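Close look at the chain arrangement
So you can see what is in the structure, the chains are spelled out below.
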Amino acid sequence: MRETVKLISMEGFEFIIDREAAMVSQTIRSMLTSPGGFSESKDGVVTFPDISTTILEKICQYFYWSLQYSRGKETEFHIEPELTLELMMAANYLHT
């Protein structure tokens, strides 16, 4: 059975994704693997109080796209123009 991670948007919407996909983000990887007893590493739950549901959904899609791309499946990743600025800010925070 695959390990999963729960990502929660600022509106409280929950995305349950494969841990491997979440690890595409350096920030999430650090949260989930850092020693020191952080709740994220214990519970596998990461809350993003500054990332909207729409943006977090697109980020989750990107994580899966990135995994496929790294395995040789080259497809286009479409980004709606109206999401670009907010998505860039979130990607910068998540180091993706």
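Please read all numbers here as calculations on a predicted model, not as lab measurements. Counting restarts for each chain: residues are numbered from 1 in the order of the written sequence. Where local features are concerned, this predicted model is filtered to residues with pLDDT of at least 70; where side-chain atom pairs are given and counted, the filter is 80 or more; whole-chain, interface and lining totals use all residues. Based on all heavy atoms of the structure, the side-chain values leave hydrogens and waters out of the count.

1. Some thoughts on the sheet that holds strand β2 (residues 14-18)
Going by this rule: Two strands are counted as paired when DSSP detects at least two bridges linking them. In DSSP terms, a helix is any run of H or I states spanning at least four residues, a strand is any run of E spanning at least two, and both are numbered starting from the N terminus. Each axis is a line fitted through C-alpha atoms, and for a helix only the stretch in contact is used; angles between axes span 0 to 180 degrees, taken between their N-to-C directions.
Reading across from one edge, β2-β1-β3 is the order of the 3 strands in this open sheet, with mixed pairing throughout. Every interior strand has two partners, whereas the edge strands, β2 and β3 (45-47), have only one. Each strand of the sheet is rotated relative to its neighbour by a mean of 25 degrees, with strand direction disregarded. Relative to β2, strand β1 (residues 4-8) is paired through 5 bridges, and the arrangement is antiparallel. When the sheet's bridge partners are listed, Leu7 is paired in β2 with Phe15.

2. Remarks on the packing of helix α4 (residues 53-70) against helix α5 (residues 84-94)
The test is simple: Angles are sorted into four bins: roughly parallel if under 35 degrees, roughly antiparallel if over 145, roughly perpendicular if 65 to 115, and oblique for all others. If you view the pair so one helix is near and one far, a crossing is left-handed when the near helix is turned anticlockwise from the far one by less than a right angle, and right-handed when it is turned clockwise. Contacts are assigned to residue pairs with any non-hydrogen atoms lying within 4.5 Å of each other. The nonpolar class holds Ala, Val, Leu, Ile, Met, Phe, Trp, Tyr, Cys and Pro. Asp, Glu, Lys and Arg form the charged class, and all remaining residues, Gly among them, are polar.
Two numbers describe how α4 lies on α5: the axes approach to 10 Å, and their chain directions differ by 60 degrees. Accordingly, the angle class assigned to the pair α4 and α5 is oblique. Crossing of α4 over α5 shows right-handed handedness. Contact residues: α4 offers Ile55, Lys58 and Ile59, while α5 offers Glu86, Leu87, Ala90 and Leu94. When the residues that make up the contact of α4 with α5 are grouped by side-chain class, the tally is 5 nonpolar, no polar and 2 charged.

3. Overview of α5
Stated formally: We call a residue buried when its accessible area falls under 20% of the maximum for its residue type, exposed when it is over 50%, and partly exposed in between, using a 1.4 Å probe and counting protein chains only. In this description, one arc is meant: the one made by directions from the helix axis to the C-beta atoms.
Within α5 the residues assigned to the buried category are Leu87, Ala90 and Leu94. Seen from one end, α5 has its buried residues packed into an arc of 65 degrees, which puts them on one side. For α5, the exposed residues lying more than 90 degrees away from the buried face are Leu85, Met88, Met89 and Asn92. If you follow the buried residues of α5, they end up packed against α2 (26-33) and α4. Once α5 finishes, His95 follows within two positions and takes phi at roughly 55 degrees, a positive value.

4. Remarks on the pattern of salt bridges
Quick note on the threshold: By definition, a salt bridge exists where a carboxyl oxygen of Asp or Glu is found within 4 Å of a side-chain nitrogen of Lys or Arg.
As enumerated under the stated definition, the model contains 3 salt bridges in all. Among the ionic pairs, Glu80 bridges to Lys58, the shortest N-O distance being 3.4 Å. On the criterion of sequence distance, the pair formed by Glu80 in the loop between α4 and α5 and Lys58 in helix α4 is long-range, its members being 22 residues apart. You can call Lys58 buried: its relative accessible area is 9%.

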